Structures are given as C-alpha cells and as structure tokens.
Amino acid sequence: MKVTVYNCREFDEKELFLRYEKEMGMELVLCTQPPTMENACLTKGSTCVDILTSKITRELMAAFHENGVKYLTTRTIGYDHIDLEAAKEFGIKVGNAPYGPDGVSDYTVMLILMSIRKMKRILQRTDIQDYTLAGIQGRELKDLTVGVIGTGRIGKTVIRSLSGFGCKILAYDLYKQDEVEKYAAYVPLEQLFKEADVITLHTPLTDQNYHLINEKSIAMMKDGVVIVNTARGALIDSQALIAAVESGKIGAAGLDVVENEFGLYYYDCKSDILKNRELAILRGFPNVTVSHHMAFYTDNCVETVVRDSLMSCKLFMEGKENPWEVLA
C-alpha cells in the first residue's frame, strides 16, 4: 500500500504520518511541497495521493492518472480546490477528511466577539501604549441578532455555542434540522440579511452560492452589520466587501478566509509583494480582523485529518466501504 503525501508539514504532521504509516502497514512518500507538474513524478507506484489545499488542476490529474493513481484524498472538509470533472474523466476517486466542528465553531465565536468589541483597534492601541477609550466602545452579544448561514456540522455547533450568550439567532439552510430549531429560528435568506446584526457563514462553496455576500445582498443588511467568514473566501465578493467597509455599511468583519488565497496562505510571504490586492486592503482596515485560514488548526484536528486521510486510502485499496469518499 503506497501513498504519496504532499504538503506534509514537518513541525506537526510528519511524526503523525510516520506513526500511522507503521500502524496501518503502508508505505508513504512524504513531500513537504505542494503537488506540481515538476514533482508529480513522486506519485509513480502510488495508488493514492494525499494533499492539503493545493489546487489540483486537470493537468495534475492527468499526470497522476498516467502514474497509476486511483484515489485522491484531501486533508480538509472542503474539496473545491480539486477539479472533480477531471477526476471523473481520469477515473480517480476523491475523498475528504472532515474534522470535528468544535475548533472552527470556537474560532467563529471568537471572531464575532473580537469584531463587536473592536479588539483589533484595542490591541493596536495597547501596542503603542495608547490607553484611551474614545472609539473603542463595544456592543454586547445578548443585545444582538446573529444570522447563521449554513446549519451543517459547524453551523449547528456555532448556534449551540451562541445560545449561551442570550442573543437572538436566525438560521438559513436548504435543509432544516430539528436540533437547530431548539436554539434558532429558520428564516428566508433575505429576512436574515435584513434583520441580523452579525452574519456568519458556514456553507460549502458551490456555483449557486459563489459571491453570496455581494453588493445586492449587502444593500439589504443593517447599517453597521458585522460579517464573519470561516468557511470559504469566495462566498464573499471582496470588492463589494471593501466598498461596504469604506462606506461604513459594514461595521466590522472577521475573516479567516478570503478570495484567491491559494499560493499565499501557509507560506512565508513577509518579504513578498502580495499578489492579492484585496487581501492587502482588507488587512489595513482597523475594523477588519484577518487570519490565514486556520480556524480548523487545533491539535485534535491535525491528528484527525492525518489519521482519517490515510484510513480513507487504506479502505479504498482494500476495496472496503469508505465513509470519506465524496466522488465515486
């Protein structure tokens, strides 16, 4: 059982991969770099490939196919970075590795609280020993209405966590869940846009919800609305978000993901000119908190995705039922 692993982080993943390689009786080829046409040769002789968030293009998929790869797994919940049409074309099945919802849920609540309490401004002031109060008065969560878009595993956990703060919670999803209705009221999307003081996104990225937050939807929202995104960057039109922050329509934002983050996040770019102008602008706003797609990043999550991605490969190679397979 041979698996080629890309994006293997030496400081936290490597030890786990080596442990599970032995426990599962596998042979792993570990590569710290993302998959490219130059290093696709590392997949020769491997039945499976294990990746992170790198773009998997048709060209890469063709190279994997030529080298005999039959299965591709990503150590993430989302798999929109994989060309699924190309996977179908070359007969490569695809799997993901969902982690527990609590890490992202905790992080989401943290970003909400940081946004309504103006924590970025407070930290910037304390860094220069400015201990004045003017301009940093916050709001209390119990006085606000929070709209949660997407009530899957993570959205549902966010709702349960928020219920302890005493805030009113509105929810939107194509599929309602009885458990959610214990804490939140399902409403039409337009109603959520109009009534929520805080809007947090927890949906996968699809063709249907691309730029869900755009100029038109922002216009429906309350003045001073807070937007939080720990899901996928392209759910928000960055240009519309920037314009709304500049006009004051959006009062604050907490963003763990942004559009066009591939090639930037998880790399040391401190000496580089950013190739994402919108990200550079958003980082500069005193009321916008930006982190680098790390809401998932906990000790529990790292071990879970390493273990489950390899177990997914093992089940595939043994021809057994595979709960992590998303493209048969």
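Preceding block: the structure.
Remember, it's a predicted structure, so these values are computed and weren't measured experimentally. (Residues numbered from 1 in each chain as written. Predicted model: local features only at pLDDT ≥ 70, side-chain atom pairs only at ≥ 80, totals over all residues. Heavy atoms only, no water.)

## Focus on helix α2 (residues 58-66)
- Turning to α2, its buried residues are Leu60, Met61, Ala63 and Phe64. Each buried residue of α2 sits inside an arc of 160° when the element is viewed along its axis, so together they form one side. Those residues of α2 that are exposed and aimed more than 90 degrees away from the buried face are Glu59 and Glu66.
- Of the residues one or two after α2, Gly68 is the one with positive phi, at around 95°. (Buried < 20%, exposed > 50% of the residue type's maximum accessible area, 1.4 Å probe, protein only. Helix = DSSP H or I, 4+ residues; strand = E, 2+ residues; numbered from the N terminus. Arc of directions from axis to C-beta.)

## Notes on the sheet that holds strand β4 (residues 71-74)
- Spatial ordering of the open sheet is given by β2-β1-β3-β4-β5-β13, a layout of six strands whose pairing is mixed. A strand with exactly one partner marks an edge of an open sheet, and here the two such strands are β2 (27-30) and β13 (325-327). On average, each strand axis in the sheet is tilted by 25° relative to the strand beside it, whichever way the strands run.
- Sheet topology note: the strand β3 (residues 48-51)/β4 ladder contains four bridges and is parallel. (Pairing = 2+ DSSP bridges. Axes fitted to C-alpha atoms, helices over the stretch in contact; angles between N-to-C directions.)

## Remarks on the sheet that holds strand β10 (residues 225-229)
- The strand order across the open sheet formed by seven strands is β8-β7-β6-β9-β10-β11-β12, and the pairing between neighbours is parallel. Looking at the sheet topology across the chains shown, the edges are occupied by β8 (185-186) and β12 (288-290).
- Its contacts with the sheet place helix α6 (residues 153-162) against β6 (145-149) and β7 (168-172), and it is angled at close to 165° to β6. (Contact = heavy atoms within 4.5 Å.)

## Some thoughts on the packing of helix α1 (residues 14-24) against helix α11 (residues 299-317)
- The interhelical angle for the contact between α1 and α11, taken along N-to-C directions, is 35°, at an axis separation of 10 Å. The handedness of the crossing between α1 and α11 is right-handed. Taking contact as the criterion, the partners of Leu16, Phe17, Arg19, Tyr20 and Met24 in α1 are, on α11, Val302, Glu303, Val306, Arg307, Ser309, Leu310, Met311 and Lys314.
- Considered class by class, the residues forming the contact of α1 with α11 number eight nonpolar, one polar and four charged. (Left-handed = near helix turned anticlockwise from the far one by under 90°. Nonpolar A, V, L, I, M, F, W, Y, C, P; charged D, E, K, R; others polar.)

## Here's the deal with empty space enclosed by the protein
- Under the counting rule described, the total for this entry stands at one cavity of 30 Å³ or more.
- Roughly 40 Å³ of volume is contained in the largest cavity.
- Lining the largest cavity are Asn229, Gly233, Ile236, Ser238, Leu241, Leu255, Val257, Val258, Glu259 and Leu282.
- A class-by-class count of the residues in the lining of the largest cavity yields six nonpolar, three polar and one charged. (1 Å grid on protein atoms, 1.4 Å probe; cavity = no way out; pocket = protein on both sides within 12 Å on 5 of 7 lines; lining within 4 Å. Points joined across faces, edges and corners; volume = space filled by probe spheres on them.)

## A few points about unusual backbone geometry
- One non-glycine residue, Asn7, lies in the positive phi region at around 55°.
- By the element assignment, Asn7 lies in the loop between β1 (2-5) and α1.

## As for the pairing of β6
- Burial within β6 is extensive, with five of its five residues counted as buried.
- Burial of the side chains of β6 extends over both faces: Thr145, Gly147 and Ile149 are buried on one face and Val146 and Val148 on the other.
- Where β6 meets β7, five bridges bridge the pair, whose relative direction is parallel. Considered in β7, the bridge of Gly147 is made with Leu170.

## Section: the packing of helix α4 (residues 102-116) against α6
- Their axes nearest at 9 Å, the elements α4 and α6 cross at an angle of 50°. Here α4 lies oblique to α6, going by the angle between them. Considering the relative orientation of α4 and α6, their crossing is right-handed. For the pair formed by α4 and α6, the contact residues are Asp102, Val104, Ser105, Thr108, Val109 and Ile112 on the first element and Ile154, Thr157, Val158, Ser161 and Leu162 on the second.
- Here the contact of α4 with α6 is composed, by residue class, of six nonpolar, four polar and one charged. (Parallel < 35°, antiparallel > 145°, perpendicular 65-115°, else oblique.)

## Thoughts on α1
- Among all positions in α1, only Leu16, Phe17, Tyr20, Glu21 and Met24 are buried. Around the axis of α1, the buried residues are gathered within 135° of arc, so they sit on the same side. Along α1, the residues that are exposed and aim more than 90 degrees away from the buried face are Glu15, Lys22 and Glu23.
- Next to the buried residues of α1 lie β1, β2, β3 and α11.

## Details of the pattern of salt bridges
- Inspection of the entire model under this criterion finds 18 salt bridges.
- Of the charged contacts in the structure, one is a salt bridge between Asp12 and Arg9, with a shortest N-O distance of 3.0 Å. Arg9 matches Asp12 in its accessibility class, with the two residues each being buried.
- Linking Glu13 and Arg9 is a salt bridge whose minimum nitrogen-to-oxygen distance equals 3.7 Å. Here Glu13 matches Arg9 in class, with each residue buried.
- Bridged by salt links that share partners, the residues Arg9, Asp12, Glu13, Asp50 and Arg75 form one connected network. (Salt bridge = Lys/Arg side-chain N within 4 Å of Asp/Glu carboxyl O.)

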